[in-house]
Amino acid sequence: MYGEPSEPGLACGKCHTSLTKCSQGLPATDLAPGLDPVDGRHWSSKTARLDPAQEAAMAFPHLQQPSFLLASLKADSISKPFAQRCQDLVKVIEDFPAKELHAIFPWLVESIFGSLDGVLAGWNLRCLQGRVSPVEYSIAMEFLDPGGPMMKLVYKLQAEDYKFDFPVSYLPDPVKASIQECVLPDSPLYHNKVQLPATGVLGLHLALNPFEYYMFFFALSLITQKPPPGALHVRTSDCAYFILVDRYLAWFLPTEGSVLPPLSSSPGGPSPSPAPRTPAVPFASYGLHHTSLLKRHISHQTSVNADPTSHEIWRSETLLQVFVEMWLHHYSLEMYQKMQSPHAKESFMPTEEHVLVVRLLLKHLHAFANSLRPEQASPSAHSHAASPLEEFKRAAVPRFVQQKLYLFLQHCFGHWPLDASFRAVLEMWLSYLQPWRYAPEKQAPSSDCQARSVSERWAPFVQENLLVYTKLFLGFLSRALRTDLVSPKNALMVFRVAKVFAQPNLAEMIQRGEAPASPVTREQLFLEPELVMPHRQHRLFTVPTFTGSFLSSWPPAITDASFKVKSHVYSLEGQDCKYTPMFGPEIRALVLRLAQLITQAKQTAKSLSDQHGESTAARPFLSWLGFYPADTNGSYPGNDLDEMGQDSVRKTDEYLEKALEYLCQVFRLSEAQLAQLTLALGTTQDENGKKQLPDCIVGEDGLILTPLGRYQIINGLRRFDIEYQGDSELQPIRSYEIASLVRVLFRLSSAINRRFAGQMAALCSRADFLGSFCRYHLLEPGLSDRRLLSPVGRGHAASLARGPRLSLRFLGSYRTLLALLLAFFVASLFCIGPLLCALLLVLGYVLYAMAMTLLTDQGKLHQL
């Protein structure tokens, strides 16, 4: 559509006239006669006149704001289909110069990823799937590919050193608060980018280069854009956004070879040099001399990439830092400490999709960091000249990811709902704990059952991430002790954690790492000045100097294991931290408690399975047809074992059995200890093999729950058999009943009961067979004759005794009506008329009722 800017005959997107004759395509001085220079409306050539604003635009063309290319693209975004719009964008990117593309870039980025306030959805990449919308999916993926047209546009603008404003108000809360308090954030990503307009702190924004601006929007769209209601069942790994993240990571953080150079702006031409150039203005001075900002900005245009070799990785560093800042940096150390209070206000809560994308990032980072050759990964390699990419691989996880990920995981462990969705957080944590799974020398899973031992090569990683192993394991224990382990999904999570920590040699490495961490105190840490991590220093008046890349400001890695562990604990937990050893008595007691619950959950699952089988076998076919006493209590088991069947019971038993075995291996629990704990908890079954009631004591008013009994009920380990003990006629209408018919039958039976109450009472008081027959149908068992009541209900049970009455509610059941229709249909096959069939049914029931009356003097209520 657009072609070359000077090509004649191109149509405008608004008025569909020639672009050379349209008000949206040329300045006001070149308008064709008859078109209004403001909005393109036709006007008389005799009255053609320019207003003062247009005259000013002609006098100062460099201040002219409207972009006519942008106006045409906006019009096309409404009128043209998606495929055509993308084709036009590709041609515009190829044909137009950077000066024209600079004006459309912010709008294009927002139209793709949505607005920062979440109002505009953009292309909705988080719900775009190839199997649902294959054409749109393939077009979008090709356009946004790391080697696609959109990235060509980024590099085209990058070569001209354009800057784009990004509002600080949309940054994560800790970053926003730090900038507003005039304190430089920890990440080098924000250095020399904060701009303060005349409006003051409320107008703070970042001056970003095109690559940074694009990645900021791409990363934040995961958080700011809310998926539509119909997207709840979309599989995250099949969405365009998830796959784009994977492609960007593979392109800019390669596990093989080096980072690919930027794309050439013209076929066969040289590649542009897109290294960013940012001013080295001290951050702390921006709030003091507003008037000199422009001069200082111009006079300090120095390159942060003076070293030519740093051009190789600046995009990789930027991509990683943007992803980490936007996805993980939602909690600071101070905020985390405040959140420990039970009265703390809930802060940012990630979604399950957010967690899955972060897990993808962590898995790729492990593969990226472990792609160093053995000679490059050895400590001696630091003394030799290493390429920027090699240095970046060594520093990517510990210097950019570790602290923010730890706080992110801590918040998830403490605030995520106690349901099966926690599996996403759990797998993210376990992926980070096992970098050896993503190392290039990893072996294929062996056929035998022996787990592969964790190599000593990973001991430094365990030491540098000790709290991620130990403190978060404690957090998982506290969650596991509050969940229903009878559920297969919860049992699987316990099994997964136990299996990971039971890998040979991992527990030993954790124990060795804990040796220097246990006595950590503030005084010991301050004795060693080199333990003060750079990201904990105050940055109000100092800004690090960047000569090659973001990595140059970091000190050499600490090689001493004791110093490494202590500095790790200090940097993640603060100065007043109190470390709890994973293999100390406190956590060991919690593990023993979890072992008790696992044993009891296995017995509970077996008991539920047996009860389910018995109830299914004992329920005859006639009960479905309405000729068997229905369940008037309406109590349904709440465990998902009944929904998933016997196979789920088998899986739950396997998960819990293996989890208990792994925990015994890690914490060296003996069989004698488990047997003693099982007896102490009272998990043995009674003589008949039925599930026992919750632990209670007998008081003056009945049974009183003990603390153990409350714990058993909360965790679903035991429960009372709750029955409805009110008026059976006033029970809620069931799903298998016709609501209107039930209400009509209730009014009819109530009228009959009021009219013939005396006669029914006289009949039921007789001592002969007729009296027994009437009592069988018209009386229900007294509340005092039922099963165990609560202390409150037992006190006034006698006052709720009801006289004889007739109940017609059974006729409002779908099952009863279907059974009657089926009986009439079968009778018609034998040439039996409806009247005769009804008489036979009544006669058959009378004979059945007489037999029941003879068998018992106090028959059960038979809904008639």
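What you are looking at is a predicted structure, and each value in this text was computed from that prediction instead of being measured. (Residues numbered from 1 in each chain as written. Predicted model: local features only at pLDDT ≥ 70, side-chain atom pairs only at ≥ 80, totals over all residues. Heavy atoms only, no water.)

Caption draft 1: Quick look at the packing of helix α29 (residues 739-755) against helix α30 (residues 757-764). As a packed pair, α29 and α30 sit with axes 4 Å apart at the nearest point and diverge in direction by 75°. As far as their axial angle goes, α30 and α29 are roughly perpendicular. Of α30, the residues touching α29 (which contributes Ile752, Asn753, Arg754 and Arg755) are Ala757, Gln759 and Met760. Across the contact of α29 with α30, the residue classes tally to three nonpolar, two polar and two charged. (Axes fitted to C-alpha atoms, helices over the stretch in contact; angles between N-to-C directions. Helix = DSSP H or I, 4+ residues; strand = E, 2+ residues; numbered from the N terminus. Parallel < 35°, antiparallel > 145°, perpendicular 65-115°, else oblique. Contact = heavy atoms within 4.5 Å. Nonpolar A, V, L, I, M, F, W, Y, C, P; charged D, E, K, R; others polar.)

Caption draft 2: Just unusual backbone geometry, in detail. Positive phi values are uncommon outside glycine, yet Asn124 reaches one of about 55°. Tracing the backbone through its elements, the reader meets Asn124 in the loop between α4 (98-113) and α5 (134-144). A residue is classified by how much of its surface remains accessible, and Asn124, at 29% relative accessible area, is partly exposed. At Arg668, a residue that is not glycine, the phi angle is positive and equals roughly 55°. Examined against the element boundaries, Arg668 turns out to sit in the loop between α26 (646-667) and α27 (671-681). (Buried < 20%, exposed > 50% of the residue type's maximum accessible area, 1.4 Å probe, protein only.)

Caption draft 3: Main features of the sheet that holds strand β2 (residues 194-195). Here we have three strands laid out as an open sheet, ordered β1-β3-β2, and antiparallel in their pairing. Two strands lie at the open edges of the sheet, namely β1 (164-167) and β2, each paired on one side alone. (Pairing = 2+ DSSP bridges.)

Caption draft 4: Structural detail: the nonpolar core. Within the largest apolar cluster, 171 residues are counted, with the highest numbers of intra-cluster contacts made by Leu144, Tyr214, Met215, Phe323, Trp327 and Trp429. With 13 residues, the top contributor of residues to this core is helix α15 (residues 388-415). When neighbours within four sequence positions are excluded, Trp327 is seen to be in contact with Ala219, Leu222, Ile223, Tyr241, Val245, His354, Val357, Val358, Leu361 and Phe408. (Core = buried A, V, L, I, M, F, W, Y, C linked by side-chain atoms within 4.5 Å.)

Caption draft 5: Structural detail: the pattern of salt bridges. Taken as a whole and judged by the stated rule, the model has 19 salt bridges. For Arg650, the salt bridge identified is with Glu654, shortest N-O distance 3.0 Å. Separated by four residues within a single helix, Arg650 and Glu654 lie in helix α26, roughly one turn from each other. (Salt bridge = Lys/Arg side-chain N within 4 Å of Asp/Glu carboxyl O.)

Caption draft 6: Region of the structure containing the packing of aromatic side chains. One pass over the full model with this rule turns up 36 aromatic pairs. On the numbers, 5.4 Å between centres and 40° between planes, the contact of Phe164 with Tyr213 is tilted. One end of the pair, Phe164, is in strand β1; the other, Tyr213, is in helix α8 (residues 210-224), and 49 residues separate them in sequence. The exposure class of Phe164 is buried, given its relative accessible area of 3%. A residue is classified by how much of its surface remains accessible, and Tyr213, at 6% relative accessible area, is buried. The rings of Phe113, Phe211, Tyr214, Phe218, Tyr241, Tyr248, Phe252, Trp314, Phe323 and Trp327 are connected pair by pair, giving a single aromatic cluster. Looking at Arg479, its charged tip hangs above the ring of Phe422, at a distance of 3.8 Å from the centre. Lying across the ring of Tyr736, Arg815 places its NZ or CZ 4.2 Å from the centre. (Phe/Tyr/Trp six-rings, centres within 6.5 Å; stacked < 30°, edge-to-face > 60°. Lys NZ or Arg CZ within 6 Å of the ring centre and 35° of its normal.)

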